[in-house]
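# Analysis of the macromolecular model
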Amino acid sequence: MDIKNYPAEPYRVKVVETVKMTTREQREKVIKEAGYNTFLINSEDVYIDLLTDSGTNAMSDRQWAGMMMGDEAYAGSKNFHHLEETVRDIFGFKHLVPTHQGRGAENLLSHIAIKEGQYVPGNMYFTTTRFHQEANGGIFVDIIRDEAHDASKEIAFKGDIDLKKLEKLIDEKGAENIAYVCLAVTVNLAGGQPVSMENMKAVRELTNKHGIKVFFDATRCVENAYFIKEQEKGYEDRSIKEIVREMFSYADGCTMSGKKDCIVNIGGFLCMNDDELFQKAKELVVVYEGMPSYGGMAGRDMEAMAIGLQESMDFSYIEHRVKQVRYLGEKLKEAGVPIVEPIGGHAVFLDARKFCPHLKQGEFPAQALAAELYLESGVRSMERGIVSAGRDIHTGENHKPKLETVRLTIPRRVYTYQHMDVVADAVIKLYEHKEKIKGLKFVYEPEQLRFFTARFEHI
Ligand code: PLI
């Protein structure tokens, strides 16, 4: 592999946090006590933490300086106005409703925009997003292109909506029975796959014809913009900011988990252009989050988010971010480890079906693999397969996603290429004796979003 293809970190280190290596004996005890669920391991017992890129980012000196400028007034904080101005400038939406994190925005949007029994088509599901849609009477319909469900299909813009599926849904159910289209940029559970600008534009044209609204899940939109610049014709010379602005010109609004592409540790927001919907969101935000001028965030958090969003528009930052993820993925691919392809924007996804062909999906291969990787190396990852998919709320049957994956998620500006080498070595070593990985069964299964707190034991 040619390291010259990978840019050095476009930052220098000012503060460090010591990480601790544990022994295999210690980890054996830890993983058993955690019920073989990596969510239940204490951070102190983890060497390299790739559980998630959510809220695990390293903030810049400018962001930390901004934290000291927090205006912690209960109402009308100046940091809210800074955030509002920044979001308007980058995304182009008229209204901003801050929330404590992404799911706060999903809760508000689902409340105000879904009527009982309406359909909510989306490009694959995300756990919390689908939960709020269904909890508010919506019926989620997956309209992502078929290839997204196939781990080994290496095609560009694998996150695109299949327009024929959307058209069919509109024809069959009627436009009035569709609450809105939820378009995620990028698609987390498909492997961090981007959506093309062409697809966004086409979805806008089709929904405009039928008077259907489109809300983007903006969570990893900057990564999506990078892929467009890199791979979509006509965008090579456009800035990341210009691309983001065009992307959101095809939406009526968005939900955002700021914990990802806003490069902060907490926060989120809901945006829209519609005045009436904004009025409703403002009435509801005070019930669930807080005043419309802070929505569950401290003034300092809003300031850090405004600055983080501006920093995320820097090409050097986002190029390094996406390429660092790619570096890990390419190393694994070279060693023959099965991963979801193409390599996405925020994580490398191990294909647990191929990694553990001796385990049936009902034996939770990805959950078992994530637990075993921790045991072997102290590297923490996350199951993104049948456990995360949960059960159908009507039938109680397990959803059985085609993608059964373990996600190695890279926090922003936190780890170096050498950390990626350590992770790659650990995964490759594990792959060499993969047949020893044992299946799991539930000993505790929560009713909602079970993956967070479920417990398992070996079969
Ligand atoms: O974790 P929240 O509530 O700030 O955001 C929820 C959320 C919404 N959409 C997408 C695409 C997500 O990835 C997302 C959260 N993701 C987490 C926590 C993750 O580990 O991927």
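If you're wondering where the values come from, they're calculated on a predicted model, not measured in any experiment. (Residues numbered from 1 in each chain as written. Predicted model: local features only at pLDDT ≥ 70, side-chain atom pairs only at ≥ 80, totals over all residues. Heavy atoms only, no water.)

Once that is clear, we can look at the overall build of the chain. When helices and strands are counted, the chain shows 16 helices and 14 strands. In terms of overall dimensions, the chain is globule-like: its C-alpha atoms have a radius of gyration of 21 Å, near the 23 Å expected for 459 residues. Dimensions of the chain along its principal axes, counting C-alpha atoms only, are 60 × 55 × 45 Å. Taking all 459 residues of the chain together, 60% fall into the buried category. For the chain, the centre of its 60 positive side-chain charges and the centre of its 70 negative side-chain charges are spaced 2 Å apart. (Helix = DSSP H or I, 4+ residues; strand = E, 2+ residues; numbered from the N terminus. Rg over C-alpha atoms; globule rule 2.2 N^0.38 Å. Buried < 20%, exposed > 50% of the residue type's maximum accessible area, 1.4 Å probe, protein only. Lys, Arg positive; Asp, Glu negative; His and termini not counted. Charge placed at Lys NZ, Arg CZ, Asp CG, Glu CD.)

Taken together, 17 residues lie around the ligand, and Thr52, Arg103, Asp217, Ser257 and Lys260 are the ones closest in. Gly102 is positioned with one of its backbone polar atoms (N or O) 2.8 Å from an oxygen atom of the ligand. In this structure, Ser257 approaches the ligand through a side-chain N or O atom, which is 2.6 Å from an oxygen atom. In this structure, the ligand is accommodated by the second largest pocket. Looking at the shell around the ligand element by element, the count peaks at 3 residues for helix α4 (residues 102–113). Residues belonging to the shell around the ligand are distributed by class as follows: 2 nonpolar, 8 polar and 7 charged. (Near = heavy atom within 4 Å. Polar contact = N/O pair within 3.5 Å; in protein donor to acceptor, adjacent residues only side chain to side chain. 1 Å grid on protein atoms, 1.4 Å probe; cavity = no way out; pocket = protein on both sides within 12 Å on 5 of 7 lines; lining within 4 Å. Sits in = over half its atoms within 2 Å of the grid points. Nonpolar A, V, L, I, M, F, W, Y, C, P; charged D, E, K, R; others polar.)

A complete count under the given rule lists 18 aromatic pairs for this structure. Between Phe39 and Phe452, the ring centres sit 5.1 Å apart and the planes meet at 80 degrees, which makes this aromatic pair edge-to-face. Of this pair, Phe39 sits in the loop between α1 (24–33) and β1 (48–49) while Phe452 sits in the loop between β13 (440–444) and β14 (455–458), and the two are 413 residues apart along the sequence. Of the aromatic side chains, those joined through ring pairs into one cluster are Phe91, Phe93, Phe216, Phe248 and Phe269. Here the basic side chain of Arg130 rests over the ring of Tyr125, its NZ or CZ set 4.2 Å away from the ring centre. Above the plane of the ring of Phe451 lies Arg384, whose end atom (NZ or CZ) is 4.8 Å from the centre. (Phe/Tyr/Trp six-rings, centres within 6.5 Å; stacked < 30°, edge-to-face > 60°. Lys NZ or Arg CZ within 6 Å of the ring centre and 35° of its normal.)

Here the focus is the sheet that holds strand β9 (residues 347–351). The sheet built from 3 strands is open, its strands ordered β9-β12-β11 with antiparallel pairing. Bordering the open sheet on either side are β9 and β11 (382–384), each of which pairs with just one other strand. Taken over all neighbouring pairs, the strand axes of this sheet differ in orientation by 35 degrees on average, direction set aside. One ladder, built from 3 bridges, connects β11 with strand β12 (residues 405–409); its direction is antiparallel. Looking at β12, one finds that Glu383 is bridged to Val406. (Pairing = 2+ DSSP bridges. Axes fitted to C-alpha atoms, helices over the stretch in contact; angles between N-to-C directions.)

Given a rise of 1.5 Å per residue, 12 residues ought to cover 16 Å, and the 16 Å separating the end C-alpha atoms of α4 matches this to within 8%. The buried fraction of α4 amounts to 10 of the 12 residues, a majority that puts the element mostly inside the structure. Turning to α4, its buried residues are Gly102, Gly104, Ala105, Glu106, Asn107, Leu108, Leu109, Ser110, Ile112 and Ala113. Check the buried side of α4 and you find it contacts β2 (95–99), α5 (127–135), β6 (214–217), β7 (253–257), β8 (268–272) and α10 (275–288). (Expected span 1.5 Å × (residues − 1). Contact = heavy atoms within 4.5 Å.)

Moving on to the pattern of salt bridges. Overall, the coordinates contain 36 salt bridges when judged by the stated rule. In this structure, Arg326 engages Glu230 in a salt bridge whose closest nitrogen and oxygen atoms are separated by 2.8 Å. Note that Arg326 is positioned in helix α12 (residues 315–334) and Glu230 in helix α8 (residues 221–231), a separation of 96 residues in sequence. Residue classification places Arg326 among the buried residues on the basis of a relative accessible area of 17%. Of the residues examined, Glu230 reaches a relative accessible area of 33% and is grouped as partly exposed. Overlapping salt bridges bring together Asp53, Arg220, Glu223, Asp261, Arg321 and Arg412 as one network. (Salt bridge = Lys/Arg side-chain N within 4 Å of Asp/Glu carboxyl O.)

Let us look at the packing of helix α7 (residues 197–210) against helix α9 (residues 240–248). Contact geometry for α7 and α9: axes closest at 9 Å, N-to-C directions at 25 degrees. With respect to their mutual orientation, α7 and α9 come out roughly parallel. Residues Met197, Met200 and Lys201 of α7 lie in contact with α9, whose contacting residues are Ile243, Glu246 and Met247. Residue composition of the contact of α7 with α9, by class: 4 nonpolar, no polar and 2 charged. (Parallel < 35°, antiparallel > 145°, perpendicular 65-115°, else oblique.)

Right, let's get into the state of the cysteines. Counted according to the given criterion, the structure contains 0 disulfides. Cysteine Cys254 remains unbridged, with the sulfur of Cys271 as its closest cysteine sulfur at 4.2 Å. (Disulfide = S-S within 2.5 Å.)

Now for α7. Here α7 contains 14 residues, and its C-alpha end-to-end distance of 20 Å stays within 8% of the 20 Å for a straight helix at 1.5 Å per residue. When α7 is considered as a whole, its buried residues turn out to be Met197, Asn199, Met200, Val203, Arg204, Leu206 and Thr207. Tucked inside the fold, the buried residues of α7 contact α6 (163–173), β5 (181–184), β6, α8 and α9. Following α7 by one or two positions, Gly211 has its phi on the positive side, about 65 degrees.

Our next topic: the side chain of Ser54. The topology assignment puts Ser54 in the loop between β1 and α2 (61–67). Since its relative accessible area comes to 18%, Ser54 is described here as buried. Beyond its immediate stretch of four places on either side in the chain, Ser54 contacts Lys259 and Lys260.

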